[in-house]
Amino acid sequence: MRRQHGIPLDDRIVLYLQMAGLYYLARLNETWFRLDEPLVSAFVERWRPETHTFSHAVQGVHDHAPGCSIPVRAPIDSQYVSGCLTDFARYVEGGRPAWETFSELPQGADNETVRRYAHTYIMMLLSTQLFGDKSGTRLHIHWLPYVARLEDMGQYSWGSAALSWLFRCMCRMTNRNVVKLAGPLQLLQSWIFWRFPGFRPEGFDVFHWPLASSWSGYQPTLSDKGPRVAHWRLRIDLLQHRRCEYLLFLPEVVQVVHPEILEPRHMSLWRAATALIYFAVIEWHPVDRVLPQFGGVQGRPRAAVNIDFLMSKDGRGEDRWFPHTLQFWHLHWADRAQHVLQFDVVADPGPSHEYLDWWYQYGRRFLSPEHLL
């Protein structure tokens, strides 16, 4: 299928977007911000595929991005997004999708045309904002069964699926032969600004909802990418404790965040050490390694869950039977409530002494040349 860009949001499809749980993502799409590739590249350099965390120079600070789906309120505590496209003929007419392409929704359009426009708009959202890849103008057909049943889309965990895809893309980008970024990188950049106040652009200190819209209008320079990567690399190397926020929600964020985000069923899920699923992509949610982000004290970590064998799964060839062969991980997500970590929340969260001893032994603090530090 060919990808469409820049389809305008029309008030007549808002009901369908709310039904699908993607209304706030659609609102954000209207006020998006430019990706700062050097900043994101400098962070991806510190991504550790074996632990699914960022390793920083700050003593004992390891991060992952649990809040990447929060800025757009994508559904989280729902069914995993997976399955094979079996009844392909039901969704195409003459070799094309069963809804046409649009430049805009015509005035006086009937209900069926509005619904088809909603289908097209949601496919655009999924392919550009949550699950972007390197396929250029092409998009994947495996969303067709979900988009065709708009009434059921809100029952699926698009937030955890987007996080799974982001993790997989970052793991791939740690390969030195990969030169192009992919994935929901604007959400990653939003998380960086949120997590590290010192990295926020000037004039963007007021939070709005959706949270990622707080950076609307940010236009980083597109020149001197190489020197700017080195600049951000050094900024991260020189990061201090006072320049990062341990807690997931600051008071000023709580004032604007949607109340549903703060419901116990959602907040507890962020502390679940479980599988993240996006079709054949299986990644791990390593909450046990980032307890300070949730108000806990970080102890010496246990051995990381080894999912190296899953990194090559892409749903093609023999992998097309992944709904059956990866069932163990699907069951793990289904039992996610049983894997929520319990720990004491303290006033001053951070790493323990035993963790720091471990970190000094195995951590890599600096990536910049020594003479710059």
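As the structure is a computational prediction, the values presented were derived from the model and not from experiment.

## Quick notes on the nonpolar core
At step 1: In this structure, L126, F131, W143, M153, W158 and L188 are the most contacted members of the largest nonpolar core, which totals 100 residues.
At step 2: Here this core takes 11 residues from helix 6 (residues 158–173), the largest share from any one element.
At step 3: What M153 contacts, discounting residues up to four positions off in sequence, is A20, L22, I122, L126, Y146, V147 and W158.

## Details of the pairing of strand 7 (residues 281–284)
At step 1: Here strand 7 shows a buried face lined by V281 and E283 and a second buried face lined by I282 and W284.
At step 2: Bridge analysis of strand 6 (residues 275–278) against strand 7 gives 4 bridges, and the strand direction is antiparallel. Within strand 7, the position partnered with L276 by the bridge is E283.
At step 3: Where strand 6 folds back on strand 7, the antiparallel hairpin that results is connected by 2 residues, among which F279 adopts a positive phi of roughly 55°.

## Focus on the environment of G295
At step 1: Along the polypeptide, G295 turns up in the loop between strand 7 and strand 8 (297–298).
At step 2: We classify G295 as buried; its relative accessible area is 0%.
At step 3: Taking the C-alpha atoms as reference, G295 lies 4.8 Å from V345; in sequence the two are 50 residues apart.

## Things to note about the pattern of salt bridges
At step 1: For the structure shown, the criterion picks out 11 salt bridges.
At step 2: The shortest N-O distance in the salt bridge between R12 and D10 comes to 2.9 Å.
At step 3: Close ionic contact of R233 with E45 constitutes a salt bridge, the shortest N to O distance being 2.6 Å. Here R233 is found in helix 8 (residues 225–237), whereas its partner E45 is found in the loop between helix 3 (37–44) and strand 1 (47–48), with 188 residues between them in sequence.
At step 4: Owing to a relative accessible area of 36%, E45 belongs among the partly exposed residues under this scheme.

## Remarks on the side chain of H119
At step 1: Of note, H119 is situated in helix 4 (residues 111–130).
At step 2: You can call H119 buried: its relative accessible area is 7%.
At step 3: Only 3.3 Å separates the side chain of H119 from the backbone oxygen of V147, close enough to count as a polar contact.

## Here's the deal with unusual backbone geometry
At step 1: Here W209 and P210 are connected by a cis peptide whose omega angle stands at 0°.
At step 2: Even without being glycine, D224 reaches a positive phi, approximately 55°.
At step 3: Following the sequence through the fold, D224 ends up in the loop between helix 7 (185–195) and helix 8.
At step 4: You can call D224 exposed: its relative accessible area is 54%.
At step 5: Of note, the phi angle at F279 is positive, near 55°, even though the residue is not glycine.
At step 6: Mapped onto the secondary structure, F279 falls in the loop between strand 6 and strand 7.

Calculation rules
Residues numbered from 1 in each chain as written. Predicted model: local features only at pLDDT ≥ 70, side-chain atom pairs only at ≥ 80, totals over all residues. Heavy atoms only, no water. Core = buried A, V, L, I, M, F, W, Y, C linked by side-chain atoms within 4.5 Å. Buried < 20%, exposed > 50% of the residue type's maximum accessible area, 1.4 Å probe, protein only. Helix = DSSP H or I, 4+ residues; strand = E, 2+ residues; numbered from the N terminus. Contact = heavy atoms within 4.5 Å. Pairing = 2+ DSSP bridges. Salt bridge = Lys/Arg side-chain N within 4 Å of Asp/Glu carboxyl O. Polar contact = N/O pair within 3.5 Å; in protein donor to acceptor, adjacent residues only side chain to side chain.

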